[in-house]
Amino acid sequence: MSTASAAPEAAPRVAPANRGSLPSVIFSWPGTRAFIAVVVLFAVSPLIAPASVGGTAVISMLPFAALIAIVAIGQTFVIQQGGLDLSLPGAVTLGALLVSTLGSDPNIGLPVAIVIAIVGTSLFGLLSGIIVALFGLPPLVVTIATNALMIGAVQAISGGFSGQSDPDLSAFAISKFFGIPVLAVIALVIVLVVQAVLKFTRLGRRFELVGENPRSAEIIGIPVRRFVISAYWLAGALAATAGVLLAGLLRTPTLTAGDNYLLPSIAAVVLGGTALTGGRGSLVGTAFGALFLAQLTQLVQTFTTLTAVQNIVQALIIGVGIVAQLQLGGTAGRLKGLFRKRSNP
Amino acid sequence: MNNSTTNEPVLVLNGITKTYPGVRALSDVSVSAAPGRVHAILGENGAGKSTLVGIAAGSVVPDSGTIGLAGETFTRVQPRVARERGLAIVYQIPALAPSLTVLDAVLLLLPDSKRPRRSGAAAWLTAHFASLGLVIDPAATVESLSLREAHLIEIAAALASDPQVLVLDEPTEALGPEETRWLFERIAELLEKNVAIVYITHRIPEVVEIAHELTVLRDGHVVGSGEVADFTADQIVELIVGRSLETTFPDKFVAPAEKPGYVLEVSDASGAKFFDVSLSVVPGQIIGLAGVEGNGQRDFMRALAGKGLVSGEVSVGGTSVRLRSHASATRAGIAFLPGDRMGEAMFGKMSVRENVVAPSLNSVMPGGLANRTREYTLTQQAIAGLAVKTPTLETPVSSLSGGSQQKVLLARSRLGDPKVLLVEDPTQGVDAGARVEIYAFLRAMANTGVAVVVLSTDAVELEGLCDQVLVFSRGKVQAVLDGNDVTERSITGTAVLSTGHSASTVSAVGAKRKRAFTFWGESQAVVLAGLTVVLAIASTVVSSAFMSPLNVSQLLAASATLILVGLAQLLVVMTGGIDLSIGSVVALSGVIISFFGSSGGMFALGVLLALLAGAFVGLINGLLVTKLSIPPVIATLVTSIAVVGTAQVLRPYPGGSATKEIMTGIGTTIAGIPVVLLLAIAVSIAMSIIIKRTGLGRGLRAAGSDPIKANRMGVSVPSMRLFATVAAGVLAALAGFVLYSKTGIGDANTGQALTLTSVTAIVIAGASIFGGSGSAIAVAVAGLLLQTITNSLSFLGLSLSWQYWLQGAFVIFAAVVPMVVRFRRSRAARK
């Protein structure tokens, strides 16, 4: 029998460093991989299809990247709170329908129509948030249900026929700001503002803490439910905003216009490095993810005009991308661990 | 007792090493158990005992080392294999999936050779329980049992499996003295039968009483082993703690001459599980809360932490405080450190810095804006002197060791400058070196005037650290131990003795237990059937055409599709997933079949191909989820889009009608009921039997109910999930065939709405959306109801939008109602 009793190690220790070396900080930033993916895609595109990277090609691609980005930012919020919003297609469609139906009514006028479209649609997001936060129901089931409610509203308002958007809205949506499509500028502003709030304010820090672990956050006195509810509410509002812009871009938005935004919105978040389990997220990463997806669509479109084939190819590539990002995420964590162990004996 | 020392050991663990992120749980540990002998494994919380048990049972995979069981050597065992080879285990927290019935759980735990036939199983189990002196209803669900009852059931199941090795992990933790006596008698019987017993505990008197050999673990290392007779009780304690008690704990509080005011005063506090608790702390004092688990001490601490009291007074620093939420407690200066560090205290993937400043953001970011430099300065101040072992302040806190994590939490509470510090299990999973520092820190906090209240399951720790200990029993303070009375012996003695008065018999289970699974599932079906009839009558009143044979036949045939997609979704949801590709598979199946409509033989081939395609999609879904760990939603969303794309490529425009003979053939009715509906009903009944009465069904339910516990019970969770997704693919393809029988054309764009309907069907059928339970019969009736709604809308003069609104509203309503009912019930139980 052995009785090894070491003396308590009360040796004075050196305080740990504030942060690691610059390369490790950059490497651990979740948006880095999405950024690399975008760079690689743009580098490869001219080799595959020279037409896909010309000035006009990029200009025509950017508005779609912008729309994906705006929807995906909302999706990022919800995913950060450990949820998933399957009602965003309904919100995009409803937003687009409301602005085109009400906006062309001279009694209401375009500005009021835009406000109603965004605020009205966001109420469905608020409903999702309240049910998820107060009753603890699975976000999937709740958002499937609110999506059905919004599709029902679309059917009731439209009577099965889509309306024509206001010409002013269309003119705005296709206008350019110093040569850059205005939609891209709007998306950029939203990304930067939201990223700044998230990273540099107390409110943003609390939002991230709640997403990382709601139980821990509640115990230290953070009003968890408010943050969860606002995530769904903002996601609804942003999707409706994308719907309004889409209505301008398409002039006559279809009644299923939003359906094409569900998978890209989730894929952009995953590619952007936000963990599906919630917590810390990178909105800039999400924006890169959206850019990647839009360019990918562009690339696929130069080969086939069949939407069905485009869908298959996209689903496959997105699937591979998600798998790669998830698997790589784990590996990168392990690599990082090794790196740290070696650099700090 | 038996003296069979010459016998070969039946369980041999050799050179076992296991590392978790940041912790080396076991390093090079070797233990063996011989027939007819009890081998005790001792150690503090977090010494590695439970990990060792998990490795022997197959629920934890070791990094290196071998497991020898019944003469064969493995590098890893599956839980099922371990059980089949005669290893039975009783876990510290019973590993019984909550949604199963007692009978299901016991049947699942037994090895194949010992399992009775399902038809006589209930009677067999009642008899088995009776032979052990237990009265427990086999039809009760596990979640309705108390911890104690669940323990007894696991012990009973282990005894019924006639094991060669029985592993007991802290078996007496949840039991009273009489039950402990009962257990020791059972152990003596097993020893007579030459069974080897591994007994994990931290209670030394029990070791001295029943064990032959012992092994002591500390921080994952074997620090001592041998015959129990060669050790004195004091020597064992010293081996466990690793040093003499005097050097481990800081000096205690010395009361000053004049009596200062109380920092924390609680009077007559009552809550759901504790009554009339009073407590007062003067500056410098550390108060301990003790008791057998589940006697109200934890609830009392959580009430102070902000859960709130039903009645009573709390004042902090002389000011009365109203506790309504954690936020109000925090404002009053009460800081709480929960024992479940990763689950309730830390922000695992976030950095040390973010964790330390998290509760103090108001003072760290006074203007609402972040300031990195200020955060670093404050964090460094807070962790100063605590020896937190971390490379940088940006390191994710989850990668630190248990001791360093706890120090980060202590630093965080110091930064918040609290008046009261509540600490639950302060040294759970903390290595011996860090314990000393944590004790010293808590004492230093007390010395600065903070009221420190510690809850611990370790009586030695309470003896060493606390100035006063409140021992809880059945929600009341049984004894207040002060000064020299604060000893391990008196703490455990009071706790155990007092429990004895209350729980005098083993047979405490009433017969009025709610039979949740069977009864609830079918009553839901009855309710839905009633709704269907009411709706049908209402529609007929508005328009008699609703009851025309043509409409009824159409309605019934169409409901077959909904029933099948609902059943498909039920299987997946039951195992804890969700399938968003169901609608796409329905479309693909119809499209495939539409190419084979030229003759009867070809048509059969087409249906077969469609079913194979469904199985293939299900297989892909299952592999993405189980092998690549992609969340089910995302995996099935991706396949859904690829599948519908494939269907569109195959048939860009609807078409491909079959010959008239085929359409008439698959459209026939028997006594007015379409054949396709009979098919759907047959599938529902078959599924209902499989789910309720077979081992496969038990496995599916267990896997969805609690994957970790299911794995411990010997269920292969990945194979259950894979089975569910493949079967769901086949059922969805079958639904595609049924849909084709109605429309007669292949259309890639039909079916998308069926994904929503499938979710609606299972939610209103009362299946748990969190997995683990659900009735196939109720889903079938739900399918019928949903089709009746769709069908009656036009008769009631309502637009298509109502179909969506009703479905959406139904889902929310059906999902919210059980939650509200449960909430009400728990509130009623409180009063």
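What counts as what
- Residues numbered from 1 in each chain as written.
- Chains lettered and ligands numbered in written order.
- Predicted model: local features only at pLDDT ≥ 70, side-chain atom pairs only at ≥ 80, totals over all residues.
- Heavy atoms only, no water.
- Helix = DSSP H or I, 4+ residues; strand = E, 2+ residues; numbered from the N terminus.
- Buried < 20%, exposed > 50% of the residue type's maximum accessible area, 1.4 Å probe, protein only.
- Contact = heavy atoms within 4.5 Å.
- Areas by Shrake-Rupley, 256 points an atom, 1.4 Å probe, with all protein chains shown as cover.
- Domains from an automatic or database assignment.
- Buried area = accessible area lost by both parts, 1.4 Å probe.
- Salt bridge = Lys/Arg side-chain N within 4 Å of Asp/Glu carboxyl O.
- Polar contact = N/O pair within 3.5 Å; in protein donor to acceptor, adjacent residues only side chain to side chain.
- 1 Å grid on protein atoms, 1.4 Å probe; cavity = no way out; pocket = protein on both sides within 12 Å on 5 of 7 lines; lining within 4 Å.
- Points joined across faces, edges and corners; volume = space filled by probe spheres on them.
- Nonpolar A, V, L, I, M, F, W, Y, C, P; charged D, E, K, R; others polar.
- Axes fitted to C-alpha atoms, helices over the stretch in contact; angles between N-to-C directions.
- Parallel < 35°, antiparallel > 145°, perpendicular 65-115°, else oblique.
- Left-handed = near helix turned anticlockwise from the far one by under 90°.
- Pairing = 2+ DSSP bridges.
- Patch = residues over 30% accessible without salt bridge, like charges linked within 9 Å, V, L, I, M, F, W, Y side chains within 5 Å.
- Phe/Tyr/Trp six-rings, centres within 6.5 Å; stacked < 30°, edge-to-face > 60°.
- Lys NZ or Arg CZ within 6 Å of the ring centre and 35° of its normal.

Caption draft 1: Region of the structure containing the overall build of chain A. In terms of regular secondary structure, chain A is built from 14 helices and 2 strands. Looking at chain A residue by residue over its 345 residues, the buried ones come to 54%. Pairs at least 24 residues apart make up 78% of the contacts formed inside chain A by residues separated by at least 6 positions. As displayed, chain A offers around 14,600 Å² of accessible surface, 70% of which is attributable to carbon and sulfur atoms.

Caption draft 2: The domain arrangement of chain B, seen in detail. Segmenting chain B into domains produces domain 1 (11–86 + 163–246), domain 2 (98–162), domain 3 (261–333 + 418–502), domain 4 (346–415) and domain 5 (517–801). The C-alpha centroid of domain 4 of chain B is placed 48 Å from the C-alpha centroid of domain 2 of chain B.

Caption draft 3: Main features of the interface of chain A and chain B. With 72 residues of chain A in contact, the opposing surface of chain B contributes 86 residues. Note on chain A versus chain B: buried area summed over both sides is about 6,700 Å², and carbon and sulfur give 69% of it. The interface formed by chain A and chain B holds 4 salt bridges in total. Among the ionic pairs, A:Arg215 bridges to B:Glu344, the shortest N-O distance being 3.2 Å. Inspection of the region where chain A meets chain B yields 16 residue pairs in polar contact (both at pLDDT 80 or more). Contributions of two or more residues to the side of chain A that touches chain B are made by helix H5 (110–135), helix H6 (139–158), helix H8 (182–200), helix H9 (202–212), helix H10 (214–219), helix H12 (262–271) and helix H14 (307–343) of chain A.

Caption draft 4: Up close: empty space enclosed by the protein. Residue and element names in this part refer to chain B. For the coordinates displayed, the defined rule picks out 6 cavities of 30 Å³ or more. Volume-wise, the largest cavity comes out at about 90 Å³. What lines the largest cavity is simply Arg83, Gly86, Leu87, Ala88, Ile89, Leu109, Pro111, Glu154, Ala157, Ala158, Ser161 and Pro163. The residue inventory of the lining of the largest cavity, partitioned by class, reads 8 nonpolar, 2 polar and 2 charged. Looking at which domains feed residues into the lining of the largest cavity, each of domain 1 (11–86 + 163–246) and domain 2 (98–162) supplies at least three. The wall of the second largest cavity is formed by Leu11, Leu13, Val31, Ile41, Leu52, Val53, Ala56, Val167, Val198 and Ile200. Mapped by element, the contributors of at least two residues to the lining of the second largest cavity are strand E1 (11–20), helix H1 (49–57) and strand E8 (196–201). The biggest single contributor to the lining of the second largest cavity is H1, with 3 residues.

Caption draft 5: Local environment of the packing of helix H4 (residues 88–103) of chain A against H6(A). Residues and elements named next belong to chain A. Between H4 and H6, the least distance of the axes is 8 Å, while the angle of their chain directions is 25 degrees. In terms of their interaxial angle, H4 and H6 are classed as roughly parallel. For the pair H4 and H6, the sense of crossing is left-handed. Every residue of H6 that contacts H4 at Pro89, Gly90, Ala91, Thr93, Leu94, Leu97, Leu98 and Thr101 is listed here: Asn147, Met150, Ala153, Val154, Ile157 and Ser158.

Caption draft 6: Broad picture of the packing of helix H5 (residues 147–160) of chain B against helix H6 (residues 177–192) of chain B. Residue and element names in this part refer to chain B. Packing of H5 against H6 brings their axes to within 12 Å, and their N-to-C directions diverge by 10 degrees. Considered as vectors, H5 and H6 are oriented roughly parallel to each other. Residue-level inspection shows Arg148, Leu152, Ile155 and Leu159 of H5 in contact with H6, the latter providing Glu179, Trp182, Leu183, Arg186 and Leu190. Its residues placed into classes, the contact of H5 with H6 shows 6 nonpolar, no polar and 3 charged.

Caption draft 7: Spotlight on the pairing of strand E19 (residues 468–473) of chain B. Residue and element names in this part refer to chain B. With 6 of its 6 residues buried, E19 lies for the most part within the structure. Where burial is concerned, the two faces of E19 agree: the one with Gln468, Leu470 and Phe472 and the one with Val469, Val471 and Ser473 are both buried. Note that strand E13 (residues 286–291) and E19 share 5 bridges and pair parallel. For glycine 291, the partnering residue across the bridge sits in E19 and is phenylalanine 472. As defined by bridge partners, E19 adjoins strand E20 (residues 476–482) across 6 bridges and the pair is classed as antiparallel. Along E20, the bridge assignment pairs valine 471 with alanine 479. Between E19 and E20, which follow one another and run antiparallel, lie 2 residues, and arginine 474 among them has a positive phi close to 45 degrees.

Caption draft 8: Geometry of the sheet that holds strand E10 (residues 221–227) of chain B. Residues and elements named next belong to chain B. The strand order E6-E7-E8-E3-E9-E10 describes an open sheet built from 6 strands, whose pairing is mixed. Both outer strands of the open sheet, strand E6 (87–90) and E10, are each paired with one neighbouring strand and no more. In this sheet, neighbouring strand axes are inclined to one another by 15 degrees on average, regardless of whether the strands run parallel or antiparallel. Sheet analysis places strand E7 (residues 165–169) next to E8, joined by 5 bridges and oriented parallel. The residue bridging aspartate 169 from the neighbouring strand is isoleucine 200, located in E8. Together, E6 and E7 form the strand contacts of H5, whose direction differs from that of E6 by roughly 170 degrees. Helix H8 (residues 233–241) rests against strand E3 (38–42), strand E9 (213–218) and E10 of the sheet, and its axis sits at about 30 degrees to E9.

Caption draft 9: Structural view of the sheet that holds E13(B). Residue and element names in this part refer to chain B. In spatial order, the strands read E16-E17-E18-E13-E19-E20; together these 6 strands make up an open sheet with mixed pairing. Edge positions in the sheet fall to strand E16 (334–337) and E20, since each has one partner strand and no second. Adjacent strand axes in the sheet meet at a mean angle of 20 degrees, parallel and antiparallel pairs treated alike. Lying on the sheet, helix H16 (residues 402–415) is in contact with E16 and strand E17 (420–424); it crosses E16 at an angle near 175 degrees. Most of the contacts of helix H17 (residues 432–447) go to strand E18 (residues 451–455), to which it runs at about 145 degrees, and overall it touches E13, E17 and E18.

Caption draft 10: Fine view of H9(A). Burial within H9(A) is extensive, with 10 of its 11 residues counted as buried. Listed in full, the buried residues belonging to H9(A) are A:Arg202, A:Gly204, A:Arg205, A:Arg206, A:Phe207, A:Glu208, A:Leu209, A:Val210, A:Gly211 and A:Glu212.

Caption draft 11: Region of interest: the environment of B:Arg341. Assignment of secondary structure puts B:Arg341 in helix H12 (residues 341–345). Discounting chain neighbours no more than four positions away, the residues touching B:Arg341 are B:Met346, B:Gly402, B:Gln405, B:Gln406, B:Leu409, B:Gln428, B:Gly429 and B:Val430.

Caption draft 12: Region of interest: a nonpolar patch on the surface. All names here are of chain A. Among the surface-exposed residues, Phe35, Ile36, Val39, Val40, Val44, Leu47, Ile48 and Phe303 lie close enough to one another that they form a single nonpolar patch of about 760 Å² accessible area. The residue leucine 47 is located in helix H2 (residues 31–48) in this model. Note on leucine 47: relative accessible area 73%, which makes it exposed.

Caption draft 13: Here's a closer look at unusual backbone geometry. Residues and elements named next belong to chain B. A positive phi angle, close to 45 degrees, is found at glutamate 170, a residue other than glycine. Within the secondary structure, glutamate 170 sits in the loop between E7 and H6. Looking at glutamate 170, the relative accessible area reads 3%, which means it is buried. Even without glycine at this site, aspartate 417 takes up a positive phi of about 55 degrees. Tracing the backbone through its elements, the reader meets aspartate 417 in the loop between H16 and E17. Residue classification places aspartate 417 among the exposed positions, given a relative accessible area of 63%.

Caption draft 14: Broad picture of the packing of aromatic side chains. This model, assessed by the stated rule, comprises 12 aromatic pairs over all chains. Between A:Phe177 and A:Phe178, the aromatic rings sit 5.0 Å apart at their centres with planes inclined by 80 degrees, giving edge-to-face as the arrangement. Pairing B:Phe300 with B:Phe472 gives two aromatic rings, centres 5.7 Å apart and planes at 35 degrees, and the pair type is tilted. You can see B:Phe300 sitting in helix H10 (residues 297–307) and its partner B:Phe472 sitting in strand E19, a full 172 residues away along the chain. Each member of the pair, B:Phe300 as well as B:Phe472, carries the same accessibility label: buried. Taken together, the ring pairs in this structure connect A:Phe77, A:Phe207 and A:Phe227 into an aromatic cluster. Positioned above the aromatic ring of B:Tyr376, the side-chain terminus of B:Arg353 is 5.8 Å from the ring centre. Lying across the ring of B:Phe595, B:Arg651 places its NZ or CZ 4.1 Å from the centre.

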